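Here is how the chains run, residue by residue.
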Amino acid sequence: MSVVLRRILIWGSLFVLLAGGIAYALRPQPVPVDLARAEVKPLTVTIDEEGEARVRDVYTVYAPLSGYLLRISAEAGDAVAADKTELARIEPAPPAFLDLRSRAEQQAAIEAAKAARDLAAAELQRAEADLAYAAAERERTAKLIAKSAVSERAVDDAERAHRVAEANVATARAQLDMRNHELQQALSRLLPVPELARPEAGTCDCVPVTAPISGTVLRVLRRSAGIVEAGTPLLDIGDPDRLEVVADLLSEDAVRIRPGQKAIITGWGGPDLAARVRRIEPFGQTKVSALGIEEQRVDVVLDFAGPPAERESLGHGYRVETRIVLFQGDVLQVPLGALFRHEGGWAVFVAKDRTAQLRPVETGERTGLSVEIRSGLAKDETVVLYPGDRVAHGTSVVAR
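Residues numbered from 1 in each chain as written. Predicted model: local features only at pLDDT ≥ 70, side-chain atom pairs only at ≥ 80, totals over all residues. Heavy atoms only, no water.

Draft legend 1. Inspection of the overall build of the chain at higher detail. For the chain, the count of helices and strands is four helices and 22 strands. In terms of overall dimensions, the chain is more spread out than a globule: its C-alpha atoms have a radius of gyration of 48 Å, far above the 21 Å expected for 400 residues. Considered along the principal axes of its C-alpha atoms, the chain spans approximately 190 × 65 × 45 Å. By residue count, 29% of the 400 residues in the chain fall in the buried class. Long-range contacts, defined here as pairs at least 24 residues apart, represent 77% of the contacts in the chain between residues at least 6 apart. Charge separation in the chain, taken as the distance between the mean sites of 50 positive and 57 negative side-chain charges, equals 7 Å. (Helix = DSSP H or I, 4+ residues; strand = E, 2+ residues; numbered from the N terminus. Rg over C-alpha atoms; globule rule 2.2 N^0.38 Å. Buried < 20%, exposed > 50% of the residue type's maximum accessible area, 1.4 Å probe, protein only. Contact = heavy atoms within 4.5 Å. Lys, Arg positive; Asp, Glu negative; His and termini not counted. Charge placed at Lys NZ, Arg CZ, Asp CG, Glu CD.)

Draft legend 2. Up close: a nonpolar patch on the surface. Where nonpolar side chains cluster on the molecular surface, the patch consists of I10, W11, L14 and L17 and spans about 490 Å² of accessible area. With respect to the secondary-structure elements, W11 resides in helix 1 (residues 3–25). The class of W11 is exposed, set by a relative accessible area of 62%. (Patch = residues over 30% accessible without salt bridge, like charges linked within 9 Å, V, L, I, M, F, W, Y side chains within 5 Å. Areas by Shrake-Rupley, 256 points an atom, 1.4 Å probe, with all protein chains shown as cover. Salt bridge = Lys/Arg side-chain N within 4 Å of Asp/Glu carboxyl O.)

Draft legend 3. Just the sheet that holds strand 10 (residues 233–238), in detail. With antiparallel pairing, the four strands of this open sheet are ordered in space as 3-10-8-5. Lying at the two open borders of the sheet, with one neighbouring strand each, are strand 3 (59–62) and strand 5 (79–80). Here strand 5 pairs with strand 8 (residues 215–220) via two bridges, running antiparallel. Each residue of the ladder has a partner; that of A79, found in strand 8, is T216. (Pairing = 2+ DSSP bridges.)

Draft legend 4. Seen up close, the sheet that holds strand 7 (residues 207–210). Read across the sheet, four strands follow the order 7-6-4-9 without closing on themselves; strand pairing throughout is antiparallel. Edge strands, defined here as strands with exactly one partner in the open sheet, are strand 7 and strand 9 (226–228). The sheet shows a mean angle of 40 degrees between the axes of neighbouring strands, taken without regard to direction. As judged from the three bridges shared by strand 4 (residues 67–69) and strand 9, these two strands associate in the antiparallel manner. (Axes fitted to C-alpha atoms, helices over the stretch in contact; angles between N-to-C directions.)

Draft legend 5. Seen up close, the pattern of salt bridges. Inspection of the entire model under this criterion finds 29 salt bridges. Across the pair E244 and R54 runs a salt bridge, and its minimum N-O distance is 2.7 Å. Of the two residues, E244 sits in strand 11 (residues 243–250) while R54 sits in strand 2 (residues 39–55), which places them 190 residues apart along the sequence. Two residues, E372 and R374, come together in a salt bridge whose shortest N-O distance is 3.7 Å. In the salt-bridge network here, residues are joined through shared partners; they are R54, R56, E244, R278 and D303.

Draft legend 6. Looking closely at the environment of V55. Structurally, V55 can be placed in strand 2. When its relative accessible area of 3% is taken as the criterion, V55 is described as buried. As for V55 and I237, which are separated by 182 residues in sequence, their C-alpha atoms are 9.3 Å apart. When neighbours within four sequence positions are excluded, V55 is seen to be in contact with L218, G238, D239, P240, R242, L243 and H316.

Draft legend 7. Seen up close, the nonpolar core. By size, the foremost hydrophobic cluster in this structure holds 20 residues, and its most contacted members are V245, L249, I265, L302, F304, L314 and I324. Secondary structure elements with two or more residues in this core: strand 2, strand 11, strand 12 (262–266), strand 13 (273–280), strand 15 (294–304) and strand 16 (319–335). Residue contributions to this core peak at four residues, all from strand 11. Excluding residues that lie within four positions of it along the chain, I324 makes contacts with V45, T46, I47, L249, I257, Q261, K262, A263, V277, V300 and L302. Core analysis: the second largest hydrophobic core is formed by 18 residues, A88, I90, I213 and I237 among them. (Core = buried A, V, L, I, M, F, W, Y, C linked by side-chain atoms within 4.5 Å.)

Draft legend 8. Molecular detail of helix 3 (residues 152–188). Relative to the 54 Å expected for 37 residues at 1.5 Å per residue, helix 3 spans 55 Å between its end C-alpha atoms, a close match to the ideal helical length. Of all the positions in helix 3, only A158, H162, A165, V169, A172, L176, L183 and A186 are classed as buried. Summarising the contacts, the buried residues of helix 3 are in contact with helix 2 (100–146). (Expected span 1.5 Å × (residues − 1).)

Draft legend 9. Structural detail: the pairing of strand 18 (residues 345–352). Where strand 17 (residues 340–342) lies against strand 18, three bridges are found, and the strand directions are antiparallel. In the strand pairing of strand 18, F340 is matched with A347. The loop that links strand 17 with its antiparallel partner strand 18 comprises two residues; one of these, E343, has a positive phi angle of about 50 degrees. Bridge count between strand 18 and strand 19 (residues 355–366): seven bridges; the pairing is antiparallel. Along strand 19, the bridge assignment pairs A347 with P360. Between the end of strand 18 and the start of strand 19, which pair antiparallel, lie two residues, with D353 showing a positive phi angle near 55 degrees.

Draft legend 10. Expanded view of the environment of V320. Summarising the element assignment, V320 is placed in strand 16. Exposure remark for V320: the relative accessible area of 0% places this residue in the buried category. In this structure the C-alpha to C-alpha distance between V320 and S66, which are 254 residues apart in sequence, comes to 40 Å. When residues no more than four places from it in sequence are discounted, the contact partners of V320 are E50, G51, E52, A53, V245, I265, T266, G267, W268 and L314.

Draft legend 11. Broad picture of unusual backbone geometry. Its identity as a non-glycine residue notwithstanding, D83 has a phi of 60 degrees, on the positive side. Along the chain, the position of D83 falls in the loop between strand 5 and strand 6 (86–92).

In structure tokens form, the structure reads like this:
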């Protein structure tokens, strides 16, 4: 073999190897992707929100009158019986002390009452004098009518005048009695104020305050002894076995809830508790979130479905987590990250024969992690998770 031919063979072989290496390096590579299978398994869709446990009916006991409240010995957690357990004792307040100006006003009122009484007495004397004169006129007229010296009209006038005089006397006596009572009322305002009897002296004419219902003392609002006004709150009472939970939901979530739906109470320090929606409040309130955003919030009230023994340590005002169940069942589902928008709907990439195939699907219920597939996908088919811009229909893929 000549030198020229040998060189051609050597350089030709090198060129073929180089071209093959370049072609192999530039060949299409499968895109590494994460894969997941479409499976039929339980799916639970819930609305999660913080809530507060509270006694359904809380009774606040108020002071029925103004006076001196003795120290309340009841403690939070004490059991009480309706109309039997004494919660507090109040000594009625004595009359208020009068200052110099008030005393002078009361003295003037007494003098005015005395003058009014004297005037009423004078009016009574005049009415009695008129009555005596009318009686005498009636007697004279009766004697004259027997002699036919006067007319019957004169007799009638005398009789009417006598009756009017009697009525005037009765009116004057009533006025005098009224003025006497007014005088006594004015005098009573200046009676000396008795010394406030101390409870330890055993002379306390106190008014007892009893429990309105049978239950437990939830909170003592006023414990120390002292002067209280009528209507001062003293204690809160309720039945801890009648607990409910109130959750503050967004209005857009509240419209999806119906009375009777199942709920789960979690995050209170004990096992999960079953509950049901009892009421959705018809009135929404505007509240500001922690981020400063105004939101429309609606209170949703839930009742516990289990026995009270399950929540024995749960009390009034405790924080809980509520999960209101919107949907629960066994459905075909895939991870939410497999879905993407396509022509106004939803679609997934199905990994079949190491190739990505675009597949439009119809979705149903969803959570933050999974979504129900109603059509377009079969059980045990493999889908691509989080497809990027390197994945398209027909792209070669390989499991990462």
